[in-house]
Amino acid sequence: MTDAPPPAYAGPRRILSGIQASGALHLGNYLGALKRFTALQDQAPTFVFVADMHAITVWQDPAVLTAQTREIAAAYLASGLDPAKTVIFPQSAVRAHADLAWIFNCVARLGWLDRMTQFKEKSGKHKERASVGLYTYPVLQAADILLYKATEVPVGEDQKQHLELTRDIAAKFNTDFGVPGFFPQPEPVIQGPGTRVMSLRDGSAKMSKSDPSDASRINLTDDADAIAAKIRKSKTDMGVMPAPGEALDERPEVRNLIAVYAALSDQTREQVTEQFAGQGFGAFKPALADLAVQALAPVTAEMRRLMDDTTEIDRVLKDGAERASAVADPVVDEVKRIVGFWRG
């Protein structure tokens, strides 16, 4: 006779995600995160935070960090997140994140963290110079998610390994302390053609805030002329637009531009190739530029309005922090009781 499996998590459906407060936001953030958050907020209670605690795993200028926190919140609002539906807050304003992260540091195993590829990529050849926070970043990420007992997490492919670690931590906590079903096993939400937008200059590299070339990305603060110029100068090849079903393994830049067009127009890649098959990039790039300007211009304008007077942003963040704390504090209090911390 085998033991019955532990009971599954029976709590409500919740969605959680966030963006790190470092560097300017770009088209990849819009398609891979902001647009997806907005689409999900009507499906279940949604928590979207500004990851300022994650940002300081590498040194940040304090004044710039504050400004970037507000800028990301402005991007959330400008992209369509409704603070009446979505809890928008700065990570550091909810103390329970740090409290739960420490407990999870004592649940997670060193070998698990040693396998995290992002630390290896970010620390490079001199990992002894990296901060301890950069190494334990995935544990804090697990706390971010499980603190709200999130059941779904919109993430890019590069974060899937971290979410698997979150599931491992949840399972080990539940088992170690004899509380089956206390924490859920959150599922990644990875879907759509815009979940991994690549550099405009190198189709093998992800579009990034940290790329030294501004031409590699479309910033959310770029005006229409800048967007059109960057798309016009984006790297392609000497061929023409592919036919539907044509393999693009050897044409990463073309594949990327098709994926961007598909994400902006809410079409599939196949529909885009059907529309432009056999045409030159002299026809496709202007169409893509027009589409990008049409999508991003209202977002940029609203971000600028909000950043000109940050009163509204600060009000949203303060209210969001209070609402997030109302959910998070009871969870971390219960975790402390389960662990055996003195209650007084």
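This text follows the structure it describes.
To keep things clear, this report deals only with the structure shown in the data block. (Residues numbered from 1 in each chain as written. Predicted model: local features only at pLDDT ≥ 70, side-chain atom pairs only at ≥ 80, totals over all residues. Heavy atoms only, no water.)

Take the packing of helix H11 (residues 252-265) against helix H12 (residues 269-276) next. With their axes 8 Å apart at the nearest point, H11 and H12 run at an angle of 105° to one another. Of the possible angle classes, the one that applies to H11 and H12 is roughly perpendicular. Only Arg269, Val272, Thr273, Gln275 and Phe276 of H12 make contact with H11, whose side of the interface consists of Ile258, Ala259, Tyr261 and Ala262. (Axes fitted to C-alpha atoms, helices over the stretch in contact; angles between N-to-C directions. Helix = DSSP H or I, 4+ residues; strand = E, 2+ residues; numbered from the N terminus. Parallel < 35°, antiparallel > 145°, perpendicular 65-115°, else oblique. Contact = heavy atoms within 4.5 Å.)

Another point: empty space enclosed by the protein. For the structure shown, the criterion picks out 1 cavity of 30 Å³ or more. Estimated volume of the largest cavity: approximately 60 Å³. Around the largest cavity, the lining residues are Met116, Gln118, Phe119, Lys122, Leu134, Tyr135, Tyr137, Pro138 and His162. Mapped onto the lining of the largest cavity, the elements with two or more residues apiece are helix H6 (117-123), helix H7 (132-135) and helix H8 (137-146). Among the elements that make up the lining of the largest cavity, the one with the highest residue count is H6 (3 residues). Across the lining of the largest cavity, the residue classes break down as 6 nonpolar, 2 polar and 1 charged. (1 Å grid on protein atoms, 1.4 Å probe; cavity = no way out; pocket = protein on both sides within 12 Å on 5 of 7 lines; lining within 4 Å. Points joined across faces, edges and corners; volume = space filled by probe spheres on them. Nonpolar A, V, L, I, M, F, W, Y, C, P; charged D, E, K, R; others polar.)

A few words now on the nonpolar core. The tendency in soluble globular proteins is for nonpolar side chains to be buried side by side. One finds Tyr76, Leu264 and Phe284 to be the most contacted residues of the largest nonpolar core, which totals 54 residues. Put simply, the parts of the chain that give this core at least two residues each are helix H1 (27-40), strand S2 (46-51), helix H3 (62-78), helix H10 (224-232), H11, H12, helix H13 (281-308) and helix H14 (311-339). The dominant element in this core, judged by the number of residues it contributes, is H13, at 10 residues. Once residues lying within four places of it in the same chain are set aside, the contact partners of Leu264 are Leu27, Tyr30, Leu31, Lys35, Leu288, Leu291, Ala292 and Ala295. Residues Phe47, Phe49, Met116 and Ile338 belong to the second largest nonpolar core, which totals 46 residues. (Core = buried A, V, L, I, M, F, W, Y, C linked by side-chain atoms within 4.5 Å. Buried < 20%, exposed > 50% of the residue type's maximum accessible area, 1.4 Å probe, protein only.)

A few words on the packing of H1 against H11. For the pair H1 and H11, interaxial distance at closest approach is 11 Å and the crossing angle is 45°. As the angle between them shows, H1 and H11 are arranged oblique. At the point where H1 passes H11, the crossing takes the left-handed sense. Residues Leu27, Tyr30, Leu31 and Lys35 of H1 lie in contact with H11, whose contacting residues are Val260, Ala263 and Leu264. Looking at the contact of H1 with H11 residue by residue, the class counts come to 6 nonpolar, no polar and 1 charged. (Left-handed = near helix turned anticlockwise from the far one by under 90°.)

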